[in-house]
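Inside the fold
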Amino acid sequence: MELLCIQSQEHSQLPLAELKAVIECENISADIEVITEGLVILKNISEDNFNSYYEILTRRLGYTHEVHELIKESNLDTFDEDMLSINWSTYIDENFAVRVKRFHTKIDTVETERNAGSLILSNCDNIKVNLSKPKTLIRIVVFQNEFYIAIERFKLNKKHFEDSKPHKRPFFYPGSMSPKLARCMVNLSRVKKDQLLLDPFCGTGGILIEAGLIGCKVVGSDIYWKMKNGTSINLDYYGITDYRTFNLDVRELKMYEKVAAVVTDPPYGISTSTGDIEGDDIFKEFFKSIYNNMKDDAYLCMASPHYVDLEPIASEAGFDIVEQYGIKMHRSLTRMISVIRKKH
């Protein structure tokens, strides 16, 4: 069986990296085929595992917008014939809608949706079209002359990423990370449900919210009591209960149990945010402080400015950089997202 993933195109590498990280940490057995940027198929999924894999992906992913069961691959010449060959009564419950998504093609989406809907109706009794609130969504993705006919079984909660933007939380402070990027970084850390995740520069708690929502136990600390308190307010607001927050300097960090992942956005460029240190020393102190608080197989995912060379700092502290991705913020700043692992 196969899953069709429609991904965000706001970054050229992060959506696929996030998907691969989730597949790795959740031990999902599937082959990845990248059709084009923003369109990925997961192939050779066993029927026994299909629903559980589907549910995991829709629960976790941030930079993937939709996941669908792929019913059939077709093309411009055989599309009508292929649509009619599908036993739609096994897929559609009472009513349906067809939605077409295009990649590198000028096909008429409205006409294709109408045509597909007509073909389904001609081949199936006792069903209706419902464009506003369909019980069944048929998703047709067209890439050049190729057609991918799919059905939505589990929805991603895309509304969450809009509703949980920093300024919509009870406690807000400027400069907070977007929920999508925070979710992606949590996923890049390879953390799993019920494992413990730490953010030692928790700020307003954006990273901890996303980790908590996928079922992690979370702990956050910040040198400022106001941030520590604000994080607790925000975690409570999103219904996250398995958390602890502390008001302390990262150099004083001594965890009650070693963590499975660290995900954080250190306050680079703001010397007061770490008390009395600034520049690269912030990162040196950070790596030194968290090393003994992490399990041996733990990952760290962190943001940093492009002008800080993390490689020698991380290596000296006992870490290896596994992956790095750049996000252009403005002309003079690129934010680097680094995936880092403790050396064995």
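The structure reproduced in this document is the subject of the present report. What you see is a predicted model, and the numbers here were worked out from it, not measured in a lab. (Residues numbered from 1 in each chain as written. Predicted model: local features only at pLDDT ≥ 70, side-chain atom pairs only at ≥ 80, totals over all residues. Heavy atoms only, no water.)

**So, the overall build of the protein chain**
Across its full length, the protein chain carries 10 helices and 15 strands. What you see for the protein chain is a C-alpha radius of gyration of 23 Å, in line with the 20 Å of a compact globule of 344 residues. For the protein chain, the spread of C-alpha atoms along the three principal axes comes to 70 × 40 × 35 Å. Within the span of the protein chain, comprising 344 residues, buried residues form 54% of the whole. For the protein chain, restricting intrachain contacts to residue pairs at least 6 apart in sequence, the fraction spanning at least 24 positions comes to 72%. Between the averaged position of the 42 positive side-chain charges in the protein chain and that of its 50 negative side-chain charges there is a distance of 5 Å. (Helix = DSSP H or I, 4+ residues; strand = E, 2+ residues; numbered from the N terminus. Rg over C-alpha atoms; globule rule 2.2 N^0.38 Å. Buried < 20%, exposed > 50% of the residue type's maximum accessible area, 1.4 Å probe, protein only. Contact = heavy atoms within 4.5 Å. Lys, Arg positive; Asp, Glu negative; His and termini not counted. Charge placed at Lys NZ, Arg CZ, Asp CG, Glu CD.)

**A word on the pairing of strand 12 (residues 259-264)**
Of all six residues in strand 12, six are buried; the element is thus mostly enclosed. Taken together, the two bridges between strand 9 (residues 196-199) and strand 12 define a ladder with parallel strand orientation. The residue of strand 12 that forms the bridge with Leu198 is Val262. Here strand 12 pairs with strand 13 (residues 294-305) via five bridges, running parallel. The residue of strand 13 that forms the bridge with Val262 is Leu300. (Pairing = 2+ DSSP bridges.)

**As for helix 7 (residues 206-213)**
Of all eight residues in helix 7, seven are buried, a share of seventy percent or more. Where helix 7 is concerned, the buried positions are Gly206, Ile207, Leu208, Ile209, Glu210, Ala211 and Gly212. Residues of helix 7 that are buried in the fold lie against helix 5 (158-163), helix 6 (179-188), strand 9, strand 10 (217-222), helix 8 (225-237) and strand 12. A positive backbone phi angle near 100° is found at Gly215, which sits one or two residues after helix 7.

**Some points on the sheet that holds strand 14 (residues 319-330)**
If you trace the seven strands from one edge of the open sheet to the other, you get 11-10-9-12-13-15-14, paired in mixed fashion. Two strands in the sheet have a free side with no partner beyond their single neighbour: strand 11 (243-247) and strand 14. Averaged over all pairs of adjacent strands, the angle between strand axes in this sheet comes to 15°, irrespective of strand direction. Here strand 13 pairs with strand 15 (residues 333-342) via seven bridges, running antiparallel. Bridge pairing in strand 15 links Met302 to Ser338. (Axes fitted to C-alpha atoms, helices over the stretch in contact; angles between N-to-C directions.)

**A closer look at the pattern of salt bridges**
Per the counting criterion, the structure on display carries 19 salt bridges. As a salt-bridge pair, Glu162 and Lys168 come within 3.4 Å of each other at their nearest N and O atoms. A relative accessible area of 39% means that Glu162 is categorised as partly exposed. You can call Lys168 partly exposed: its relative accessible area is 34%. Linking Arg335 and Asp265 is a salt bridge whose minimum nitrogen-to-oxygen distance equals 3.2 Å. Highlighted residues: Arg335 in strand 15 and Asp265 in the loop between strand 12 and helix 9 (280-291), separated in sequence by 70 residues. (Salt bridge = Lys/Arg side-chain N within 4 Å of Asp/Glu carboxyl O.)

**A few points about the packing of aromatic side chains**
Scanning all chains against the criterion turns up nine aromatic pairs. Both rings, one in Phe286 and one in Phe287, keep their centres 5.4 Å apart while their planes meet at 50°; by these two values the pair is tilted. Following the ring pairs from residue to residue traces out a cluster consisting of Phe201, Phe286, Phe287, Tyr291 and Phe319. Geometry around Phe103 places Lys101 over its ring, the cationic atom sitting 5.7 Å from the centre. The side chain of Lys342 reaches across the aromatic face of Tyr291, ending 4.2 Å from its centre. (Phe/Tyr/Trp six-rings, centres within 6.5 Å; stacked < 30°, edge-to-face > 60°. Lys NZ or Arg CZ within 6 Å of the ring centre and 35° of its normal.)

**Some details on the nonpolar core**
Leu14, Leu181, Met185, Val186, Leu188, Leu197 and Ile337 are the most contacted members of the largest nonpolar core, which totals 33 residues. Elements supplying a minimum of two residues to this core: helix 1 (14-25), helix 6, helix 7, strand 12, strand 13, strand 14 and strand 15. Take this core: its biggest share by element is six residues, from helix 6. With near-sequence residues (within four places) excluded, Leu197 lies in contact with Val186, Ser189, Val191, Ile207, Leu208, Ala211, Lys217, Val218, Val219, Ala261 and Val263. Among the nonpolar cores identified, the runner-up in size contains 26 residues, and Met255, Phe287, Ile290 and Met302 belong to it. (Core = buried A, V, L, I, M, F, W, Y, C linked by side-chain atoms within 4.5 Å.)

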